[in-house]
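Observations on chain architecture
So the chains spell out like this:
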Protein chains: 2
Amino acid sequence: MKTGVLGAGGWGTALSLILLENGHEVILWTHDSSTKKEIEKYRENKTYLPGIRIPSELNITNDSSLIGEAEIVVNAVPTQFIRGVIHDFKIPLENKQIINGSKGIERNSLKRISEIFYECANVTADNYAVISGPSHAEEVTRKSPTNVVAASEDIFLDKQVQKLFTRPEFRVYTSNDVVGAEIGGSLKNVIAIAAGIIDGLELGDNTKAALITRGLAEISRLGIAIGANNLTFAGLSGLGDLIVTCGSKHSRNRKVGELLGQGKKPDEIINTMKMVAEGIHTTESAFNLGKKHAVELPITEQIYNILFNDIPPREAMSNLMNRSAKREWWW
Amino acid sequence: MKTGVLGAGGWGTALSLILLENGHEVILWTHDSSTKKEIEKYRENKTYLPGIRIPSELNITNDSSLIGEAEIVVNAVPTQFIRGVIHDFKIPLENKQIINGSKGIERNSLKRISEIFYECANVTADNYAVISGPSHAEEVTRKSPTNVVAASEDIFLDKQVQKLFTRPEFRVYTSNDVVGAEIGGSLKNVIAIAAGIIDGLELGDNTKAALITRGLAEISRLGIAIGANNLTFAGLSGLGDLIVTCGSKHSRNRKVGELLGQGKKPDEIINTMKMVAEGIHTTESAFNLGKKHAVELPITEQIYNILFNDIPPREAMSNLMNRSAKREWWW
């Protein structure tokens, strides 16, 4: 099959490599000519996926018109840039099937990524799928056994995505809950910042486990209000991704939290990171989505206060712990 | 209030200290006269809770008849010894309220701890509560913020337990799902062995997150078959405790798995541990409970094979990964 991949970060590159291993033709598009040159010269994505060999069969291009040749297009452009990239580079997406691998909620519009594609590229729901789960790119490319979910409202497309990507060490489950996969994949980054703060403040494993548990409840509450299936949040794209993001040394969002807990200011942290920590934007979007849907999101609210209202992390965490203890399923 | 605590391990001692801080009288009973002497001499439980000062107000005894004076009795005797201890030491439990803090399922009988107390001590369901959640004793005594659930079928007892134990750093939620709290607290130790094996084999964070996710699904399936509320498994006594046990350096059960993954034999591991790793017994009980209730428990089955049928951990984990990929909620 002819496939196109948008975005040559770690995840876009990792997904390209899986498609290639499964015998598909891959055109990896990036707007960044230095990344293109680097990969062509060294057959390695030194910035985002160091140490992984990229075979010469992987075509890398800055020419977006080549995406027109692909039957299926995988998106790995970060959330806040998708709309601009589609528009500015005139990505030819008409009548194509889109598989999204990015996570987040657009600022201001509060749109999920599916909604951005529906709106900007005339993609229809039966041509849209999302692939999500606990899948750090570094580990996927090193063949660490990984399980993900492919979700589409179309009853064939999820299975098609499963077939495209399944490898001995990369298992793909199917689902029809696009909203659930998108909300779980996005909001876990907010909870990961909170988990990192607990690491930075050295509050301990008991505290972090309770935070993750209540974080999942918070994500589920918002997701269900938007139309997701609650079971999705107990699965790979919900709980699974949440666990890996809150626990892993690789997680950028957890790292942001850890630095906050150690006393660094949000601006300092953002200025020193070479990759986007999507959770910072998602905190703002989730906070506003909660207000829009009248869903209480106590953890998100405290992270918002830390990031945007200059509340000290220890005070914010203490606000969380001092909510009155209720029946377990009333919070 | 006059309270008695059975068992002077780490958790029994930690719960005694919380009761004491809340102004209750505490008699801590242990069958072990050397532990009694040690605590009385050094005011420290050097074996199970090193470094924590035990105030002189905590009465420690080997005389089980003193438990007769307590209005409420907290159990922290390990699961496999409860029946023997009640019988051999003639613990006077008639008409008392029991709060259980131990986790596990009795071998052979396959009874949950509530059922052991109902059977051996004439305790009734309205006099029984369980306290459970992500609560490593070491961290609790060091005031790491901790959240647990107190569950009782009695509509007042859960709130009474909440009041007994609530401290600024120890929040107690209430619940009426005793079966759910017991099954979650027990089976997490089986999944923790599996998580440890992944650590020992160095399979990575993606793999471990997927294992924990599917482990929770497996626990929920068995619990629901026995009569638990599925929401309980998404809470502190389910997911919360599972996360801490699978992730924490303190967890004995995870450690057993890690050693198995590194190539140690089950017998070697058991012989060198000074504390019981309850998960080994629970694996056997859960395996048999699954058969009894006709519930598929693929992870438990593989851990059982490793522990009792000498199957190499790498082969067992590979059996798990090679199950055919299905719709997410069909496994």
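For every chain, the first residue of its written sequence is number 1, and the numbers climb from 1 along that sequence. Here every chain gets a letter starting at A, and every ligand a number starting at 1, in the order they are written. The predicted nature of this model means local features are confined to residues of pLDDT at least 70 and side-chain atom pairs, given and counted, to a pLDDT of 80 or more, with totals for whole chains, interfaces and linings taken over all residues. In computing side-chain properties, one takes all heavy atoms of the structure into account and sets aside hydrogens as well as water.

1. Topic: empty space enclosed by the protein
Residue and element names in this part refer to chain B. Cavities and pockets are found on a 1 Å grid laid over the protein atoms alone: a cavity is a set of points where a 1.4 Å probe fits but cannot escape, a pocket is an open set with protein on both sides within 12 Å along at least five of seven lines, and a lining residue has an atom within 4 Å of such a point. Grid points are joined across faces, edges and corners, and a volume is the space filled by probe spheres set on the points. Counted according to the given criterion, the structure contains 4 cavities of 30 Å³ or more. Put simply, the largest cavity is a space of about 60 Å³. Lining the largest cavity are N100, S102, K103, G104, R112, I113, V130, S132, A181, E182, G185 and S186. Numbering of helices and strands runs from the N terminus; a helix is a DSSP stretch of H or I covering at least four residues, while a strand is a stretch of E covering at least two. Breaking the lining of the largest cavity down by element, the ones donating at least two residues are β8 (128-132) and α7 (178-201). Per-element tally for the lining of the largest cavity: the top contributor is α7, with 4 residues. Think of it as three bins: nonpolar holds Ala, Val, Leu, Ile, Met, Phe, Trp, Tyr, Cys and Pro, charged holds Asp, Glu, Lys and Arg, and polar takes everything else, Gly as well. In terms of residue class, the lining of the largest cavity is built from 3 nonpolar, 6 polar and 3 charged.

2. Points about the state of the cysteines
Note that a disulfide, as used here, is simply two cysteine sulfur atoms within 2.5 Å. Scanning the entire structure with this criterion turns up 0 disulfides over all chains. Distance from the sulfur of C246(A), which forms no disulfide, to the nearest cysteine sulfur (C246(B)) is 15 Å. C246(A) gets classed as buried once you look at its relative accessible area, which sits at 0%. Each residue is placed in one exposure class: buried if its accessible area under a 1.4 Å probe, protein chains only, is under 20% of its type's maximum, exposed if it is over 50%, and partly exposed if it falls in between.

3. Let's talk about the sheet that holds strand β5 (residues 97-100) of chain A
All names here are of chain A. What the 8 strands build is an open sheet, ordered β3-β2-β1-β4-β5-β6-β7-β8; its pairing is mixed. Among the strands making up the open sheet, the edge pair consists of β3 (59-61) and β8 (170-175). Between one strand axis and the next, the sheet turns through 25° on average, direction left out of account. Judged from the 3 bridges that link them, strand β2 (residues 25-29) and β3 form a sheet pairing that is parallel. Here, strands pair whenever DSSP counts at least two bridges between them. Under this scheme, a helix contributes an axis fitted over its contacting stretch, all axes are lines through C-alpha atoms, and angles between N-to-C directions fall in the 0 to 180 degree range.

4. Considering the confidence of the model for chain A
Of all residues in chain A, 98% have pLDDT values of 70 or greater, and the mean over the chain is 94. Listed scores for the predicted complex are pTM 0.94 and ipTM 0.93. Known as pLDDT, the predictor's per-residue confidence is scaled from 0 to 100.

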